[in-house]
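# An overview of the molecular structure
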Amino acid sequence: MAVKLREESEKSTKSYFTKEEKEVLLDLICSKQIHLILKNHKNYENEKYQNLEELKVKIKDM
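A short tour of the structure in this document, coming up.

How each quantity is defined
- Residues numbered from 1 in each chain as written.
- Predicted model: local features only at pLDDT ≥ 70, side-chain atom pairs only at ≥ 80, totals over all residues.
- Heavy atoms only, no water.
- Helix = DSSP H or I, 4+ residues; strand = E, 2+ residues; numbered from the N terminus.
- Buried < 20%, exposed > 50% of the residue type's maximum accessible area, 1.4 Å probe, protein only.
- Core = buried A, V, L, I, M, F, W, Y, C linked by side-chain atoms within 4.5 Å.
- Contact = heavy atoms within 4.5 Å.
- Expected span 1.5 Å × (residues − 1).
- Arc of directions from axis to C-beta.
- Patch = residues over 30% accessible without salt bridge, like charges linked within 9 Å, V, L, I, M, F, W, Y side chains within 5 Å.
- Areas by Shrake-Rupley, 256 points an atom, 1.4 Å probe, with all protein chains shown as cover.
- Salt bridge = Lys/Arg side-chain N within 4 Å of Asp/Glu carboxyl O.
- Lys, Arg positive; Asp, Glu negative; His and termini not counted.
- Charge placed at Lys NZ, Arg CZ, Asp CG, Glu CD.

Moving on, we get to the environment of Asp27. Mapped onto the elements, Asp27 comes out in helix α2 (residues 19–39). Exposure remark for Asp27: the relative accessible area of 51% places this residue in the exposed category. Remark: the alpha-carbon pair of Asp27 and Lys56, spanning 29 residues in sequence, is separated by 9.5 Å.

Shown next as structure tokens:
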């Protein structure tokens, strides 16, 4: 029983995105950032833009 729980735990911690999934996520994030910038060129300082940028870095580092 304990071994089965450990295996389940290890599986959940090792669940990474595939390369294709990462590319799709990064494309979506970039599209949203571009949309924000086109809406207002000062959105580089926007909290939402910065959060998207941080998320993009995390996904790239996976």
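Turning to the nonpolar core, a few remarks are in order. Counting 7 residues, the largest nonpolar core is built from Leu26, Ile29, Leu36, Ile37, Tyr49, Leu52 and Ile59. Of all the elements, α2 adds the most residues to this core, at 4 residues. Contacts of Leu36, omitting those with residues within four sequence positions, involve Asn43, Lys48, Tyr49 and Leu52.

Before going further, it helps to examine α2. Counted at 1.5 Å a residue, the expected span for α2 with its 21 residues is 30 Å, and the 30 Å between its end C-alpha atoms agrees. Buried within α2 are the following residues: Lys22, Leu26, Ile29, Gln33, Leu36 and Ile37. Seen end-on, α2 carries its buried residues on one side only, within an arc spanning 95°. The outward face of α2, more than 90 degrees from its buried face, is lined by the exposed residues Glu20, Asp27, Leu28, Ile34, Leu38 and Lys39. In the core, the buried residues of α2 are packed alongside α3 (47–61).

A separate point is a negative patch on the surface. Together, Glu20, Glu21, Glu23 and Asp27 make up a negatively charged patch on the protein surface. By the element assignment, Glu20 lies in helix α2. Glu20 gets classed as exposed once you look at its relative accessible area, which sits at 55%.

Within the secondary structure, Lys56 sits in helix α3. For Lys56, a relative accessible area of 11% puts it in the buried group. Residues Lys56 and Cys30, spaced 26 residues apart in sequence, show a C-alpha to C-alpha distance of 8.3 Å. Setting aside residues no more than four positions away along its own chain, Lys56 makes contact with Leu26, Ile29, Cys30 and Gln33.

Spatial relationships are all this shows, so hold off on functional conclusions.
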